[in-house]
Amino acid sequence: MALDNVRDVIIEGGTWDGNDAKVTVITEWKHVIRIQNSTRVTLTGLITQHARGDGIYIGTHTTPCRDVTVDSVTSRRNYRNGLSVTSCDGLTCTDSIFTENGATSPLAGADIEPNHARAPIRRVRFTRCAFTDNAGRGFLVVMHPDSVELAATSIHLDQCTATGNAPGEDNSPLWAGITLIRPRGVTVTNSLLTGNNVGIAVQGRRGGDPRRLLGRGLVRLQDIDISDSTREGLLVVNGVRALEVERVRIFDSSRQEDGYFSGILLADGSNISLTDCVSSGARMFGLQASATVSKVTLRHCVLTGNEQGAMDIPKSGVKVVD
């Protein structure tokens, strides 16, 4: 179904099937429901499945959809993503399930990924949503390298769960319950992540991005439980401007057989604060930080019960405050 240039549309109930078994062309663009340049569209109580693309696709290159509501929807077993958002000002997604999606990249339950530097991503909120058993990532954000979107709270996940994403032991370190790439204004609160390849992975910039991008990200992680990750509970690579981690509890990282990963790995970055956090039960350290890490502060954190000890921070700029 294509909803293009429409207003005030409600789709309620039903199973919407992309019938991918009978699609003979090789493509990743045959979505079950596509919404473009439209306002006040509501999807409620329905199932989207078996697309040869995404279960639901929202957006265009630069003209945003506005005030889209996704409520009590299940998007499952789609070829690419359960949900893709490329340009939207006002998306409210509640009580929805994104499961078993991904046979081609990005392999995500839900993917926020603008195609153009001026594509708006604003007022996007997921509440009480579940991202389970997706091939690569449960929830993924990939902002454009030249994005002008720098709002403090553009994207907010609250009371969400991410479970069993990227199963197996030969996965990319950026396959995670939540993956944030070039993040702009992302907040995650009151959520539970368990049994993922990595709990949360944050990448400030990608290889080939200009150096000027270093430090433009802003991420807040608050009141999150992360457990039983195959690799790290929290992984930070290639720099972020500000990462605020508060009351995040990480348990039993490095599930991988013969794997040795820490609860928290800061491979690169600066201006990172961890407050009232716990990292316990890792095969390596509670926290590891490379020599390129700077301006990191730990306040009232508990790093115990890790096989190699609390911290490994040689020559890095990590400050511990009792």
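This text goes with the structure placed above it.
Conventions we followed
Residues numbered from 1 in each chain as written. Predicted model: local features only at pLDDT ≥ 70, side-chain atom pairs only at ≥ 80, totals over all residues. Heavy atoms only, no water. Helix = DSSP H or I, 4+ residues; strand = E, 2+ residues; numbered from the N terminus. Rg over C-alpha atoms; globule rule 2.2 N^0.38 Å. Buried < 20%, exposed > 50% of the residue type's maximum accessible area, 1.4 Å probe, protein only. Areas by Shrake-Rupley, 256 points an atom, 1.4 Å probe, with all protein chains shown as cover. Pairing = 2+ DSSP bridges. Axes fitted to C-alpha atoms, helices over the stretch in contact; angles between N-to-C directions. Core = buried A, V, L, I, M, F, W, Y, C linked by side-chain atoms within 4.5 Å. Contact = heavy atoms within 4.5 Å. Salt bridge = Lys/Arg side-chain N within 4 Å of Asp/Glu carboxyl O.

1. Some words on the overall build of the protein
In step 1: Secondary structure assignment for the protein yields zero helices and 31 strands.
In step 2: Taken against the 2.2 N^0.38 rule, which gives 20 Å for 322 residues, the C-alpha radius of gyration of the protein at 19 Å falls within 12% of a compact globule.
In step 3: Dimensions of the protein, computed from the C-alpha atoms along their principal axes, are close to 55 × 40 × 35 Å.
In step 4: A total of 322 residues make up the protein; the buried ones form 56% of that total.
In step 5: On the protein, roughly 12600 Å² of surface is accessible, and the fraction owed to carbon and sulfur atoms is 46%.

2. Examining the sheet that holds strand S25 (residues 264–266)
In step 1: In space, the 12 strands of this open sheet follow the order S1-S4-S7-S10-S13-S16-S19-S21-S23-S25-S28-S30, with parallel pairing throughout. At either end of the open sheet lies a strand with only one pairing partner, and these are strand S1 (2–4) and strand S30 (309–312). When strand polarity is set aside, the average angle formed by the axes of neighbouring strands in this sheet is 5°.
In step 2: Pairing of strand S13 (residues 108–112) with strand S16 (residues 137–142), which is carried by four bridges, proceeds in the parallel orientation. Each residue of the ladder has a partner; that of Ile-112, found in S16, is Val-141.

3. Here we look at the nonpolar core
In step 1: Counting 65 residues, the largest nonpolar core has Leu-43, Ile-58, Phe-126, Phe-131, Phe-139 and Leu-221 as its most contacted members.
In step 2: Residues contacting Phe-126, with those up to four places away along its chain left out, are Leu-83, Leu-91, Cys-93, Phe-98, Ala-110, Ile-112, Phe-131, Phe-139, His-156, Leu-157, Asp-158 and Cys-160.
In step 3: Within the second largest apolar cluster, six residues are counted, among which are Ala-176, Val-198, Ala-201 and Leu-235.

4. A short note on unusual backbone geometry
In step 1: Cis geometry marks the peptide bond from Ser-105 to Pro-106, where omega comes out at 15°.
In step 2: Of note in this structure, Asp-8 is not a glycine but carries a positive phi near 55°.
In step 3: As for its position among the elements, Asp-8 is in strand S2 (residues 7–12).
In step 4: In this structure, Asp-276 is a non-glycine residue whose phi angle is positive, near 55°.
In step 5: Along the chain, Asp-276 falls in the loop between strand S26 (270–275) and strand S27 (278–280).
In step 6: Classification of Asp-276 as partly exposed rests on a relative accessible area of 37%.

5. Focus on the pattern of salt bridges
In step 1: Taken as a whole and assessed by the stated rule, the structure comprises 15 salt bridges.
In step 2: Note that Asp-95 and Arg-128 form a salt bridge whose closest N and O atoms lie 2.8 Å from each other. With Asp-95 in the loop between strand S11 (88–94) and strand S12 (97–99) and Arg-128 in the loop between strand S14 (121–127) and strand S15 (130–132), the pair connects residues that are 33 residues apart, well separated along the chain.
In step 3: A relative accessible area of 34% means that Asp-95 is categorised as partly exposed.
In step 4: Its relative accessible area of 40% is what places Arg-128 among the partly exposed residues.
In step 5: By sharing partners, the salt bridges in this structure join Arg-66, Asp-67, Asp-89, Arg-122 and Arg-123 into a single network.

6. Overview of the environment of Ala-103
In step 1: You can see Ala-103 is positioned in the loop between S12 and S13.
In step 2: Along the primary structure Ala-103 and Arg-118 are separated by 15 residues, whereas in three dimensions their C-alpha atoms are 29 Å apart.
In step 3: If sequence neighbours within four positions are ignored, Ala-103 has contacts with Asn-78 and Tyr-79.

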